Amino acid sequence: MNRPQSVVPDAIAFTNAAFPFTASTTHGIFAGAQRLHWHHALELNYIRGGTGFILINGMKLPFEQGDIIFINSNDLHRAYETEDLVMDVLMFEPSLLAIDLKFDPDLMAPFRMLDKVDKRSPVHAELSGLLQRMMDENESGGTAYMSLIRSDLIRFLSLSNRHLSAPMQENKPIKGRGMHALKEVLRTMELHVDYAWTLQELSDLTHLSPSRFSALFQQAVGTSPHHYLIQLRLTQAVHLLETTDHKIIDIAESCGFRNLSNFNRLFKQHVGASPSEIRERANAGRPSIISSKSVNPFDKQ
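To keep things clear, this report deals only with the structure shown in the data block. Keep in mind the model is a prediction, meaning the values are calculated, not measured.

**What to know about the overall build of the protein chain**
Part 1: When helices and strands are tallied, the protein chain shows 11 helices and 6 strands.
Part 2: Per-residue burial over the protein chain gives 50% buried out of 301 residues.
Part 3: In the protein chain, the share of contacts with a sequence separation of at least 24, taken over all contacts with a separation of at least 6, comes to 75%.
Part 4: Accessible surface, the protein chain: about 14800 Å² in total, of which carbon and sulfur atoms supply 51%.

**Looking at the packing of aromatic side chains**
Part 1: Tallied over the entire structure, the rule returns 11 aromatic pairs.
Part 2: Seen from their ring centres, phenylalanine 19 and tyrosine 145 are 6.0 Å apart, and the 75 degrees between their planes marks the pair as edge-to-face. Here phenylalanine 19, found in the segment before strand E1 (21-27), pairs with tyrosine 145, found in helix H4 (residues 145-163); they are 126 residues apart in sequence, far enough to count as distant. Both residues of the pair, phenylalanine 19 and tyrosine 145, count as buried.
Part 3: A connected cluster of aromatic rings, assembled from ring pairs, spans Phe70, Phe92, Phe111 and Phe156.
Part 4: Here the guanidinium or amino end of lysine 183 rests over the ring plane of tryptophan 38, the centre of that ring lying 3.8 Å away.
Part 5: The ring of phenylalanine 257 is capped by arginine 233, whose NZ or CZ atom sits 5.9 Å from the centre of that ring.

**Comments concerning helix H6 (residues 199-206)**
An α-helical turn contains 3.6 residues, so a residue and the one three or four places further along point in the same direction.
Part 1: Inspection of H6 places Leu202, Ser203, Leu205 and Thr206 among the buried residues, and these make up the whole buried set. In an axial view of H6, the angular spread of the buried residues amounts to 150 degrees, which keeps them on one side of the axis.

**Some details on the packing of helix H8 (residues 225-243) against helix H10 (residues 260-271)**
Part 1: Running from N to C, H8 and H10 cross one another at 90 degrees; their axes reach a closest spacing of 10 Å. As far as their axial angle goes, H10 and H8 are roughly perpendicular. Residues His227, Ile230, Gln231, Leu234, Ala237, Val238 and Leu241 of H8 pack against Phe263, Leu266, Phe267, His270 and Val271 of H10.
Part 2: Tallied by class, the residues present in the contact of H8 with H10 amount to 9 nonpolar, 3 polar and no charged.

**Some details on the nonpolar core**
Part 1: Membership of the largest hydrophobic core comes to 31 residues, with the highest contact counts inside it found for Phe21, Leu44, Phe70, Phe92, Phe156 and Leu157.
Part 2: Among the elements that line this core, the one with the most residues is H4, at 6 residues.
Part 3: The residues contacting leucine 44, other than those within four sequence positions of it, are Ile69, Phe70, Asp88, Val89, Leu90, Phe92, Phe111, Leu131, Leu153 and Phe156.
Part 4: Of all hydrophobic cores here, the second largest spans 21 residues; its members include Met179, Val185, Leu186 and Phe217.

**Side note on the pairing of strand E2 (residues 42-56)**
Part 1: For E2, a buried count of 12 out of 15 residues is recorded, marking the element as mostly surrounded by other parts of the structure.
Part 2: Of the strand pairs in this sheet, E2 and strand E5 (residues 77-92) are connected by 13 bridges, and their pairing is antiparallel. What sits directly across from leucine 55, in E5, is arginine 78.
Part 3: Pairing analysis gives 4 bridges linking E2 to strand E4 (residues 68-71), with the strands arranged antiparallel. Note on E4: the bridge partner recorded for asparagine 45 is isoleucine 69.
Part 4: Bridge count between E2 and strand E3 (residues 59-64): 6 bridges; the pairing is antiparallel. Across the sheet, residue threonine 51 finds its bridge partner in E3, namely glutamate 64.
Part 5: Adjacent in sequence and paired antiparallel, E2 and E3 are bridged by 2 residues, among which asparagine 57 carries a positive phi angle near 50 degrees.

**What to know about H10**
Part 1: Counted at 1.5 Å a residue, the expected span for H10 with its 12 residues is 16 Å, and the 16 Å between its end C-alpha atoms agrees.
Part 2: Looking at the buried side of H10, the elements it contacts are H8, helix H9 (248-254) and helix H11 (275-283).
Part 3: Glycine 272 occupies a position one or two residues after H10 and carries a positive phi of about 85 degrees.

**As for the pattern of salt bridges**
Pairs can form between side chains of opposite charge once their charged atoms are near each other.
Part 1: Tallied over the full model, the rule gives 8 salt bridges.
Part 2: Note that aspartate 152 and arginine 133 form a salt bridge whose closest N and O atoms lie 2.5 Å from each other. With a gap of 19 residues between them, aspartate 152 in helix H4 and arginine 133 in helix H3 (residues 124-140) connect regions that are remote in the sequence.
Part 3: The exposure class assigned to aspartate 152 is buried, which follows from its relative accessible area of 7%.

**A word on unusual backbone geometry**
The bulk of non-glycine residues show a negative phi, and the bulk of peptide bonds are trans.
Part 1: Of note in this structure, asparagine 57 is not a glycine but carries a positive phi near 50 degrees.
Part 2: On the secondary structure map, asparagine 57 appears in the loop between E2 and E3.
Part 3: Exposure remark for asparagine 57: the relative accessible area of 11% places this residue in the buried category.
Part 4: The phi dihedral of histidine 207 falls on the positive side, at around 60 degrees, and the residue is not glycine.

Reading guide: rules and limits
- Residues numbered from 1 in each chain as written.
- Predicted model: local features only at pLDDT ≥ 70, side-chain atom pairs only at ≥ 80, totals over all residues.
- Heavy atoms only, no water.
- Helix = DSSP H or I, 4+ residues; strand = E, 2+ residues; numbered from the N terminus.
- Buried < 20%, exposed > 50% of the residue type's maximum accessible area, 1.4 Å probe, protein only.
- Contact = heavy atoms within 4.5 Å.
- Areas by Shrake-Rupley, 256 points an atom, 1.4 Å probe, with all protein chains shown as cover.
- Phe/Tyr/Trp six-rings, centres within 6.5 Å; stacked < 30°, edge-to-face > 60°.
- Lys NZ or Arg CZ within 6 Å of the ring centre and 35° of its normal.
- Arc of directions from axis to C-beta.
- Axes fitted to C-alpha atoms, helices over the stretch in contact; angles between N-to-C directions.
- Parallel < 35°, antiparallel > 145°, perpendicular 65-115°, else oblique.
- Nonpolar A, V, L, I, M, F, W, Y, C, P; charged D, E, K, R; others polar.
- Core = buried A, V, L, I, M, F, W, Y, C linked by side-chain atoms within 4.5 Å.
- Pairing = 2+ DSSP bridges.
- Expected span 1.5 Å × (residues − 1).
- Salt bridge = Lys/Arg side-chain N within 4 Å of Asp/Glu carboxyl O.

Laid out in structure tokens, this is it:
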């Protein structure tokens, strides 16, 4: 097996390359957000309803209706739903506000604080209103919508910077060599989901001992390497079921499952439906959501 030579972030598709901003509303946690991932874009999450939590660089941040969450460029993150999650997701490239950083170098500071704005904040009403206006402008695409989004985004970040302060964390986020090592091993696992990885082989990729690697992985991902590999395999299986007409037994084998009954059991447990049901939904034009409520991600596997 050839080892990848680089660690590749997620590519965010912006409709207008000249205006790298996007906004959408999600219901539940889709398969792409279940995996630990990172990207160069900055991300804002507004929780419209439900509850859950997000792991950012190994820090667990619970959220509920009304919370506003900041995700910085290159942060390793992964979201979980605990109940009926509805979330607005706004993403933009730092270059969008490059000129404004000249006048306010701390404009992006809220993204570095590993904090959130909850509904008890004195500026919550205005911040949530600004987010909604940006969502509306992005959808309408009316006259001068780009300027209006930029002006609201600058005010949103300026108010957040004024009213947020760096929180006291019980545990320190993962940084430096540990973060780079995790990004590399996660990318390698994604590229080779069918391989029967052992703990020793994964820890060797990071040049850490198996025990140290396991502890670091559990902190960042919220589950064991073995359990995360199963989730990656199931995510790939869902994708193949939705986009190809390959036989289910062939999909199971290509995703690293050598036993069809075991594949069906794990699929039902994690996805909440059988492989054939997912294919039927895809043929009917309905997207699939991998359930994050079927297992406790912090259980030892």
